Amino acid sequence: MKNLSKAGHWIGVDLGGTWVRVVLSDEKGNFVERIGEKVDKSNAEAISKQIARIVRFLCSKHDFQVKAVKGVGIAATGPLIQVEGVLIKPTNIPFDLVPLTKPVIEELGISACLINDCAGAALGENMFGAARGLENFVFITIGTGIGCGAIVNGTVLLGKDGNGHEVGHFVIDAGGKLICGCGKPGHWEGYCSGRNIPNYVRMRIKETPQEAVKQSLLLKRVGGDLSKLAAADLFASAKERDSFSLKLVNELGVLNAIGFANVISAYDPSLITVGGTVTLKNKRMILSPIRKHVGEYTVNRVPRIVITPLGDDVGLYGAVATAIKYLS
Ligand SMILES: [Zn+2]
């Protein structure tokens, strides 16, 4: 455990659909202590109470008053209305409206702010990670879903409610064979996200002569039951040099390259960092085909594309960076 510097205490909250992670940090991004819990979904107000309780616990454990915390940054999967500090019909949290910043401010008497988790991650990378000092930079996550945070000419792009650049819903297949979780056809996330890779694999199995598929390790891994297929099965088979799986990983890589090319055409970054569980567990298999093919689909000069050095914690760094940027 690191000691708290005198520079000041900040709290970062990474709120997902299943887990809420809270970190106590100094302003240099040194994490002093972190706590992760399952999100309390018992009612719409329970999450803000949960955050306040964890903040109190962290302060008392390190023997200082809650008032000594300079601010709480909450990075959450949207949709949200940033200025009101609320989530609106969030994915995986079953309430139409989830108030976050106001109850935290009222309960703790300290300031708090909210940001989309990908926009926050871009700020985190810009303040603490690989994008320090860069004016034009994009963070892309390929995890359960696909999203991005963009900093253009030194400004983080947010949009009217804070839900800007939903790049997971960029169309990458005009044929639209697969339907995205949002209900629309042909979206990047509908093919390449952890949640939807199994749909892509099942579709390609149907399209492929059965003789070629039968030899594949993929079917063996799930005992022939394709309903059990997860994204991890595809990458595990590919790592064992299964030719059908390698072919599909490369196809998904080309689709990712199209998504990246669209991002590059839109924001013209000088660096893209990539995170998300699918990426972090399969770094080379995700990045290699993107780097190889992205130039075929964008007219802009292709930037450096690297794995985020902040790893799984990019959301937490983003929450801390957001608090420092907006509440200092
Ligand atoms: Zn979609």
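Before reading on, note that the structure itself is shown above.
Please read all numbers here as calculations on a predicted model, not as lab measurements.

### Brief notes about the sheet that holds strand S10 (residues 146-152)
Part 1 of the reasoning: One open sheet accounts for 5 strands, arranged S11-S10-S9-S12-S13; its pairing is mixed. Since the sheet does not close on itself, it has two edges, and those belong to strand S11 (155-156) and strand S13 (304-307), each with one partner.
Part 2 of the reasoning: As judged from the 4 bridges shared by strand S12 (residues 271-275) and S13, these two strands associate in the parallel manner. What sits directly across from Leu271, in S13, is Arg304.
Part 3 of the reasoning: Of the strands in this sheet, strand S9 (137-142), S12 and S13 are in contact with helix H11 (residues 283-293), which crosses S13 at around 175°.

### Structural notes on the sheet that holds strand S4 (residues 69-76)
Part 1 of the reasoning: The strand order across the open sheet formed by 5 strands is S3-S2-S1-S4-S8, and the pairing between neighbours is mixed. At either end of the open sheet lies a strand with only one pairing partner, and these are strand S3 (31-38) and strand S8 (112-116). Between one strand axis and the next, the sheet turns by 15° as a mean value, whatever way the strands run.
Part 2 of the reasoning: Examined bridge by bridge, strand S1 (residues 9-15) and strand S2 (residues 19-25) share 6 bridges and lie antiparallel to one another. Residue pairing for S2: Leu15 is matched across the bridge by Val20.
Part 3 of the reasoning: Where helix H1 (residues 46-61) meets the sheet, it contacts S1, S2, S3 and S4, and its direction lies at approximately 145° from that of S3.
Part 4 of the reasoning: Those strands touched by helix H12 (residues 314-327) are S1, S2, S3, S4 and S8, and its axis lies near 130° from that of S1.

### Some words on the environment of Arg132
Part 1 of the reasoning: Structurally, Arg132 is set in the loop between helix H3 (117-128) and S9.
Part 2 of the reasoning: Not counting residues up to four positions away in its chain, the partners in contact with Arg132 are Glu125, Asn126 and Met127.
Part 3 of the reasoning: Separated by 3.2 Å, the side chain of Arg132 and the backbone oxygen of Gly129 make a polar contact.

### Structural notes on the coordination of the zinc ion
For a metal bound by four donors in a tetrahedral arrangement, the ideal donor-metal-donor angle is 109.5 degrees, while six donors in an octahedral arrangement ideally sit at 90 or 180 degrees.
Part 1 of the reasoning: Note on the zinc ion: its protein donors are His169 (ND1), Cys180 (SG), Cys182 (SG) and His187 (ND1). The metal-donor distances range over 2.0 to 2.4 Å.
Part 2 of the reasoning: Within one chain, the residues donating to the zinc ion are spaced in sequence as H-x10-C-x1-C-x4-H.
Part 3 of the reasoning: Judged by relative accessible area, which is 39%, Cys182 ranks as partly exposed.

Thresholds, definitions, all that
Residues numbered from 1 in each chain as written. Predicted model: local features only at pLDDT ≥ 70, side-chain atom pairs only at ≥ 80, totals over all residues. Heavy atoms only, no water. Pairing = 2+ DSSP bridges. Helix = DSSP H or I, 4+ residues; strand = E, 2+ residues; numbered from the N terminus. Contact = heavy atoms within 4.5 Å. Axes fitted to C-alpha atoms, helices over the stretch in contact; angles between N-to-C directions. Polar contact = N/O pair within 3.5 Å; in protein donor to acceptor, adjacent residues only side chain to side chain. Donors = N, O, S within 2.8 Å, 3.2 Å for Na, K, Ca; no water. Buried < 20%, exposed > 50% of the residue type's maximum accessible area, 1.4 Å probe, protein only.

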